[in-house]
Amino acid sequence: MPAVTNGAAGEALVRTVRANAVVFGRHDEATLEQFRDVAARAERAALMADGHVGYIMPIGGVAAYDGKVSVAGVGFDIACGNAAIRTDLALPSIAPHLDEIADTIAETISFGLGRTNRAPDAPVDHPLFSDPAWDAIPADRSAREALREKAREQLGTVGGGNHYVDLFADEEDRVWVGVHFGSRGLGFAIASGFMALASGARWGERVRETEALLDLGSDLGERYWALMHLAGAYAYAGREWVARKVVSLLGAREVQLVHNHHNFAWKEIHGGRELIVVRKGATPAFPGQLSFIGGSMGDIAVIAQGKVTDDPMVRRLQEQALFSTVHGAGRLMSRTEARGRPGGKRRKAVSGKITRPMMESWLKERGILLRGGDVDEAPQVYRRLSDVLAAQGDTIEILHTLRPIVVVMAGPDVRDPYKD
């Protein structure tokens with residue numbers, strides 16, 4: 001494998017692993033092997049510096065296809081992404097009330113898997129529920145209506161795992177609300193259903209995870225594309241409702257909204273060709289394009305934009321990255337490594353590396369209030385966001401650095417069946 005090159009543009013760590021594929025940052029061999037496998041079927045591919053092993057395609061992976069979309073590449077949590085709202089509040093105005101604010105967020109917003117909205121103003125009558133795309137679900141009418149009703153009940157709920165609602169303060173002590181989650185059970189059902197159909201099984205059957213490359217000129221590909229976009233609209237509506245709900249709980253006014261998917265596919269022009277660009281845990285970063293990128297519960301987040309530049313070295317890096325960047329800090333250890341696992345008849349017990357006191361000590365030192373959360377999401381489980389951003393070089397520029405003040409997540413009793 002070629003040696004790592006420190007580019008003149010910033011601190012970029014980028015190397016070529018195939019003629020059509022580049023890697024930013026440093027990764028374990030399992031992640032690189034998974035990435036090479038995906039790149040072998042793609043026109044072009046790139047792995048962001050926060051990458052780690054996922055289902056079929058690594059998290060942090062970007063792959064461009066000619067007229068095809070990868071179901072596994074988009075992932076089970078279709079349209080997972082981030083939204084951030086800058087409010088008109090300054091931190092000193094709410095600092096005495098942060099405990100009360102944290103409790104109110106946890107009590108008002110629904111966290112956890114399979115949960116339904118408990119807020120009376122949840123957007124259950126959103127126009128997306130009348131979208132003709134629902135008819136693209138390749139199942140009978142009762143199955144379609146059951147999924148639509150489940151989606152209606154879950155719209156505006158956050159889920160579990162690494163999904164969150166946070167309050168941040170920027171370099172001027174302005175208060176931001178940030179959220180991270182996706183399309184909930186709707187996206188999971190779409191991904192699972194099309195994997196089944198691509199494997200020759202029926203919609204609703206459980207099959208082993210496969211890449212499921214669908215030709216967009218086929219009936220199956222057209223249906224998936226329509227439903228992927230429906231899940232995207234659903235995720236956008238949910239994130240914006242939750243973020244704005246928290247702004248209203250603060251008694252604040254919205255000043256700026258920054259919103260982006262990082263599990264999705266887009267039709268884009270690269271090298272003069274239209275390609276289908278699949279990003280799985282990677283953020284679009286075209287010059288001037290804004291994004292909100294989170295770290296971990298105990299790390300910074302940033303508001304960034306794709307760098308606008310005439311520097312040919314930076315432009316080359318941006319092109320190699322398929323105009324993408326990281327979506328977060330990236331895991332250093334699996335959930336099982338972090339929290340451990342009891343033994344059973346057919347499996348060995350695993351001792352967890354992270355304890356609740358370790359996690360709480362980290363947060364206390366930095367003055368961060370936590371509601372919910374578990375050790376598999378502790379700061380020690382993740383890389384530092386500043387390190388992975390540096391490895392991407394000058395492809396993006398940081399507009400605001402946000403430090404977490406309040407973090408609200410699903411509690412430790414929640415396990416997430418909606419896979420990354």
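Residues numbered from 1 in each chain as written. Predicted model: local features only at pLDDT ≥ 70, side-chain atom pairs only at ≥ 80, totals over all residues. Heavy atoms only, no water.

Asks: Give me the nonpolar core: which residues, what numbers.
Replies: Grouped together as the largest cluster of nonpolar side chains are 51 residues, with contacts concentrated most on F24, M48, F292, I293, V326 and L385. Once residues lying within four places of it in the same chain are set aside, the contact partners of V326 are M48, A49, D50, T283, I293, L385, V388, L389 and Q392. Among the nonpolar cores identified, the runner-up in size contains 44 residues, and Y65, F76, L186 and W225 belong to it. (Core = buried A, V, L, I, M, F, W, Y, C linked by side-chain atoms within 4.5 Å. Buried < 20%, exposed > 50% of the residue type's maximum accessible area, 1.4 Å probe, protein only. Contact = heavy atoms within 4.5 Å.)

Asks: I'd like to hear about the pattern of salt bridges, residue by residue, with values.
Replies: One pass over the full model with this rule turns up 29 salt bridges. D173 is the partner of R403 in a salt bridge, and the nearest nitrogen-oxygen pair spans 2.4 Å. On the criterion of sequence distance, the pair formed by R403 in strand β21 (residues 396-409) and D173 in the loop between β8 (164-169) and β9 (174-181) is long-range, its members being 230 residues apart. Residues joined by salt bridges that share partners form a network here, namely R331, R335, R339, D376 and E377. (Salt bridge = Lys/Arg side-chain N within 4 Å of Asp/Glu carboxyl O. Helix = DSSP H or I, 4+ residues; strand = E, 2+ residues; numbered from the N terminus.)

Asks: Please provide a residue-by-residue account of the confidence of the model for the chain, values included.
Replies: Confidence in the prediction of the chain, expressed as mean pLDDT, is 93, and 96% of residues score 70 or more. Note on residues 1-9: pLDDT is under 50 here. Beyond four places in sequence and across chains, it has 22 contacts. (pLDDT = per-residue confidence, 0-100.)

Asks: Can you lay out the UniProt feature "binding site: Mn(2+) 2" (unreviewed entry) in the chain for me, pointing to particular residues and giving the numbers?
Replies: Mapped onto this numbering, the UniProt entry gives "binding site: Mn(2+) 2" (unreviewed entry) at H180 and H262. Across 83 residues in sequence, these annotated residues keep their C-alpha atoms within 10.2 Å of one another, forming a single compact spot. Along the chain, H180 falls in strand β9. Classification of H180 by relative accessible area gives buried; the value is 7%. Polar side-chain contacts of H180 include one of 3.1 Å to the backbone oxygen of N162. In this structure, H262 sits in the loop between β11 (254-261) and β12 (263-270). (UniProt positions renumbered as here; feature names shortened; annotations may be inferred. Polar contact = N/O pair within 3.5 Å; in protein donor to acceptor, adjacent residues only side chain to side chain.)

Asks: I'd love a proper account of the UniProt feature "binding site: GMP" (unreviewed entry) in the chain, names of residues and values included.
Replies: Here the UniProt feature "binding site: GMP" (unreviewed entry) sits at H262, N263, G294, G295, S296, M297, H327, G328, A329 and G330. With respect to the helices and strands, M297 occurs in the loop between β15 (290-293) and β16 (301-306). Within the fold, G330 resides in the loop between β17 (324-326) and α9 (335-339). Under the relative-accessibility criterion, G330 is labelled buried at 4%.

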